[in-house]
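Chains, contacts and geometry: an overview
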Amino acid sequence: MIRVLVADDMKLIRGALANLLDQQPDLEVVAQVYCGRMIVSSALEHRPDIAILDIDMPGMDGLTAATDLREKLPSCRILILTSLCSVANLRRAMLTAQVGGFLTKDIPPQELTAAIRQVAAGRRVIDPALAAQALTLPANPLTPREIAVLRLARGGSTAGEIATELFIARSTVRNYLSAAVAKLNARTLLDAVRIATEEAWL
């Protein structure tokens, strides 16, 4: 029996999904949550084999929760089921959260249940159209140090604070930021942060 946690802020969708899965002879919904901050605590309590997470939820988005869940309960596989199907979200899900699946909410029921079984078995399942789109996009042009500096800038750190955090000179921080802005063809630092975030390069 595959134990499943369902996380979606829409009660109708959450209930319909749980009902669909409970009708399968090998699937059992052991927990339902509506808030991103409830995902990890509920998973630790119920120990599901797989968590099906939406991205857009109150309290904490599903991708952040997925990253946390991956650290706290690595035995639990994760399948993202969402309407927010951007390449940036796919990249973040795969690279940062290391989820096992990423699918759209308009997937047919039989394909969804088959995908759940595959992810629970350790295989990876990705929406084909989104995967094809992701393959056509350019790779991250930023160096690891430029990424680190941009991440801190995104968090509101000043050049001096970034320099202290990374043990480099303030002038070096400014050079990294200027290089990142140029590489991303951004108008400003804020624009560079936006572009890098949308592309899931941070």
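These notes cover the structure that comes with them. Just so we're clear, the structure is a prediction, and the values are computed from it rather than from any experiment.

What follows deals with the overall build of the protein chain. Along the protein chain, the regular secondary structure elements total ten helices and six strands. Counting every position in the protein chain, which comprises 202 residues, the buried fraction comes to 45%. In the protein chain, 65% of the contacts between residues at least 6 apart in sequence involve partners at least 24 apart. Carbon and sulfur atoms make up 54% of the accessible area of the protein chain, which amounts to about 10,400 Å² in all. Considering the protein chain, the positive charge centre built from 22 side chains and the negative charge centre built from 21 side chains are found 6 Å apart.

As a further point, take the packing of helix 7 (residues 144-154) against helix 9 (residues 170-183). Relative orientation of the contacting elements helix 7 and helix 9 amounts to 95°, with a least axis distance of 9 Å. In terms of axis orientation, helix 7 runs roughly perpendicular to helix 9. Across the interface between the two elements, Arg145, Glu146, Val149, Leu150 and Ala153 from helix 7 touch Val173, Tyr176, Leu177, Ala179, Ala180 and Lys183 from helix 9. In the contact of helix 7 with helix 9, the residues fall into eight nonpolar, no polar and three charged.

Mapped onto the elements, Asp191 comes out in helix 10 (residues 189-198). A relative accessible area of 6% places Asp191 in the buried class.

With that settled, the discussion passes to the environment of Ala43. Within the secondary structure, Ala43 sits in helix 2 (residues 39-46). Sequence separation of Ala43 and Gln23 is 20 residues, and the distance between their C-alpha atoms is 21 Å.

Under the criterion given, the structure shown has eight salt bridges. A salt bridge links Asp26 to Arg117; its shortest N-O distance comes to 2.6 Å. Residue Asp26 is found in the loop between helix 1 (11-22) and strand 2 (27-33), and its partner Arg117 is found in helix 5 (residues 109-120); the two are separated by 91 residues along the sequence. In this structure, Lys105 and Asp54 form a salt bridge, with 3.2 Å as the shortest nitrogen-oxygen distance. With a gap of 51 residues between them, Lys105 in the loop between strand 5 (101-104) and helix 5 and Asp54 in the loop between strand 3 (50-53) and helix 3 (62-72) connect regions that are remote in the sequence. Using a relative accessible area of 4% as the deciding quantity, one classes Asp54 as buried. Among the charged side chains, a salt-bridge network with shared partners connects Asp8, Asp54 and Lys105.

Criteria and cut-off values
- Residues numbered from 1 in each chain as written.
- Predicted model: local features only at pLDDT ≥ 70, side-chain atom pairs only at ≥ 80, totals over all residues.
- Heavy atoms only, no water.
- Helix = DSSP H or I, 4+ residues; strand = E, 2+ residues; numbered from the N terminus.
- Buried < 20%, exposed > 50% of the residue type's maximum accessible area, 1.4 Å probe, protein only.
- Contact = heavy atoms within 4.5 Å.
- Areas by Shrake-Rupley, 256 points an atom, 1.4 Å probe, with all protein chains shown as cover.
- Lys, Arg positive; Asp, Glu negative; His and termini not counted.
- Charge placed at Lys NZ, Arg CZ, Asp CG, Glu CD.
- Axes fitted to C-alpha atoms, helices over the stretch in contact; angles between N-to-C directions.
- Parallel < 35°, antiparallel > 145°, perpendicular 65-115°, else oblique.
- Nonpolar A, V, L, I, M, F, W, Y, C, P; charged D, E, K, R; others polar.
- Salt bridge = Lys/Arg side-chain N within 4 Å of Asp/Glu carboxyl O.

Remember, this is a structural readout, not a statement about activity or role.
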